Amino acid sequence: MTAPAQQAALHDCRTDFADELAALARADERIVAVCNDSVGSSNLVEFREEFPSRLVNVGIAEQDMVGVAAGLANAGFVPFVSAAAPFLTGRALEQIKADIAYTHRHVVLCGQSPGMAYGELGPTHHSIEDLSWMRAVPGLEIIVPADPSETREAVRYAAASGRPTYLRIPRFKVPAVTPPGTPFRAGRARCLLDGTDVTLIAAGTLVSRALEAARLLADDGISARVLNMTFVEPLDEAAVVAAAQETGAIVTAEEGLLSGGLGAAVAKVVAEQHPIPVRMLGVPSFAPTGSAAFLLDHFGLNAEGLRQAAHQVLGRTR
């Protein structure tokens, strides 16, 4: 099992995103970056210095940013659109729908600092709606990496896929959880820990916390399976159905709204194909102001919260 989150080194995945994007750009002249005055927050300073003609900064104009990216894709480039997730998905949703997804443009939309990563800046800067919004757009792949190596894999995959993609790049530092050598496959979950009593399905920043919760549950005599659901769209329905059949109970965890996100996607599959008890952890409404760590704890999006949810879905008390 992966080392407990509090004992593991923590990493900022934005650095891995920027390094991998630069490596791709060195090998492929079609790779370009488009941003909204977010060069620094996207860690694209070195990219701009190395490829000054291949970074387009449109200023604080997110709708134009997505439109420019669509035009670049139409001209044969592979644009990575990098911006704070709340503004990329909220302000430019119409352009994402009409200019990217509907027209099947190969554009990689990189939502930086999603979830509640902006902490004290409050609900205007929290991006808890993005998974719900993006899932509602047909034809858009949604990838939520859990750690640095998976971030690099996701960037490489998105550059080569030929599909419109929304990629969540976490700001909240996370430990490495991906076992070396495990393949990165489109639409497939990674089983990080097997178990027989309950399945914990998480994405992004919550994966390491799900692993820690599994360790706590083992101390309670409960065997927990942990699935890293890297692809929220397309969802790995086979892994969800197998978890339902083999463990009989599921807990989902995401740094986003409960309405329409990962939990909702999992619950739909379970309801239609193998009904079992499901408990969804996430953000129920606008979050209060506080640090990202405080907010995750406030909503029970931590190891103890997942542990309690597993007990509840199993009908047990501690």
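Residues numbered from 1 in each chain as written. Predicted model: local features only at pLDDT ≥ 70, side-chain atom pairs only at ≥ 80, totals over all residues. Heavy atoms only, no water.

Trainee: Help me understand the overall build of the chain in this model?
Mentor: Assigned secondary structure in the chain consists of 12 helices and 14 strands. The globule rule puts the C-alpha radius of gyration for 318 residues at 20 Å, and the 19 Å found for the chain is close to it. Principal-axis analysis of the C-alpha atoms places the extent of the chain at approximately 60 × 40 × 35 Å. Expressed as a percentage of the 318 residues in the chain, the buried residues total 59%. A separation threshold of at least 6 residues defines the contact pool for the chain, and within that pool the share at least 24 residues apart is 77%. On the chain, roughly 12,300 Å² of surface is accessible, and the fraction owed to carbon and sulfur atoms is 51%. The centroid of the 26 positive side-chain charges in the chain is displaced by 2 Å from the centroid of its 35 negative side-chain charges. (Helix = DSSP H or I, 4+ residues; strand = E, 2+ residues; numbered from the N terminus. Rg over C-alpha atoms; globule rule 2.2 N^0.38 Å. Buried < 20%, exposed > 50% of the residue type's maximum accessible area, 1.4 Å probe, protein only. Contact = heavy atoms within 4.5 Å. Areas by Shrake-Rupley, 256 points an atom, 1.4 Å probe, with all protein chains shown as cover. Lys, Arg positive; Asp, Glu negative; His and termini not counted. Charge placed at Lys NZ, Arg CZ, Asp CG, Glu CD.)

Trainee: For this particular structure, what's the right way to read the sheet that holds strand E11 (residues 224-228)?
Mentor: Two orientations exist for strands paired in a sheet by backbone hydrogen bonds: parallel and antiparallel. The strand order E9-E11-E10-E13-E14 describes an open sheet built from five strands, whose pairing is mixed. The open sheet has two free edges, formed respectively by strand E9 (190-193) and strand E14 (278-283), since each of these has just one partner strand. If you compare each strand with its neighbour and ignore which way they point, the axes differ by 25° on average. As defined by bridge partners, strand E13 (residues 250-257) adjoins E14 across five bridges and the pair is classed as parallel. The partner of Ile250 across the bridge, within E14, is Val278. Contacts between helix H12 (residues 303-313) and the sheet are confined to strand E10 (198-202), E13 and E14, with E14 contributing the most and set at about 150° to the helix. (Pairing = 2+ DSSP bridges. Axes fitted to C-alpha atoms, helices over the stretch in contact; angles between N-to-C directions.)

Trainee: It is not clear to me how the pattern of salt bridges should be interpreted in this structure. Could you clarify?
Mentor: Where charged atoms of side chains with opposite charge meet at close range, the side chains can pair. Applying the stated criterion across every chain, the model contains 21 salt bridges. Residue Arg14 is joined to Asp12 by a salt bridge in which the shortest nitrogen-to-oxygen separation is 2.7 Å. A single burial state applies to Arg14 and to Asp12, both of which are buried. Note that Glu62 and Arg91 form a salt bridge whose closest N and O atoms lie 3.1 Å from each other. Residue Glu62 is found in helix H3 (residues 62-74), and its partner Arg91 is found in helix H4 (residues 85-91); the two are separated by 29 residues along the sequence. Residue class for Arg91 comes out partly exposed when judged on its relative accessible area of 42%. (Salt bridge = Lys/Arg side-chain N within 4 Å of Asp/Glu carboxyl O.)

Trainee: I tried to follow helix H10 (residues 262-273) on my own but got confused; where do I start?
Mentor: If you check H10, its first and last C-alpha atoms are 17 Å apart, about what 12 residues at 1.5 Å a residue would give, namely 16 Å. Considered for burial, the residues of H10 that qualify are Leu262, Gly263, Ala265, Val266, Val269 and Val270. Buried residues of H10, viewed axially, fall in a sector of 165°; they line one side. Every exposed residue of H10 that faces more than 90 degrees away from the buried side is listed here: Ala271 and Glu272. Considering only its buried residues, H10 is in contact with helix H6 (130-135), E10, strand E12 (231-233), helix H9 (237-247), E13 and E14. (Expected span 1.5 Å × (residues − 1). Arc of directions from axis to C-beta.)

Trainee: Please explain the packing of H3 against helix H5 (residues 93-101) as it appears in this structure.
Mentor: To characterise two packed helices, one gives the angle between the axes of the helices and the distance between these axes. Close contact between H3 and H5 brings their axes to 9 Å; oriented N to C, the two are set at 5°. By the angle class used here, H3 and H5 are roughly parallel. For the pair H3 and H5, contact is made by Gln63, Val66, Gly67 and Ala70 and by Gln95, Ile96, Asp99 and Ile100, respectively. When the residues that make up the contact of H3 with H5 are grouped by side-chain class, the tally is four nonpolar, three polar and one charged. (Parallel < 35°, antiparallel > 145°, perpendicular 65-115°, else oblique. Nonpolar A, V, L, I, M, F, W, Y, C, P; charged D, E, K, R; others polar.)

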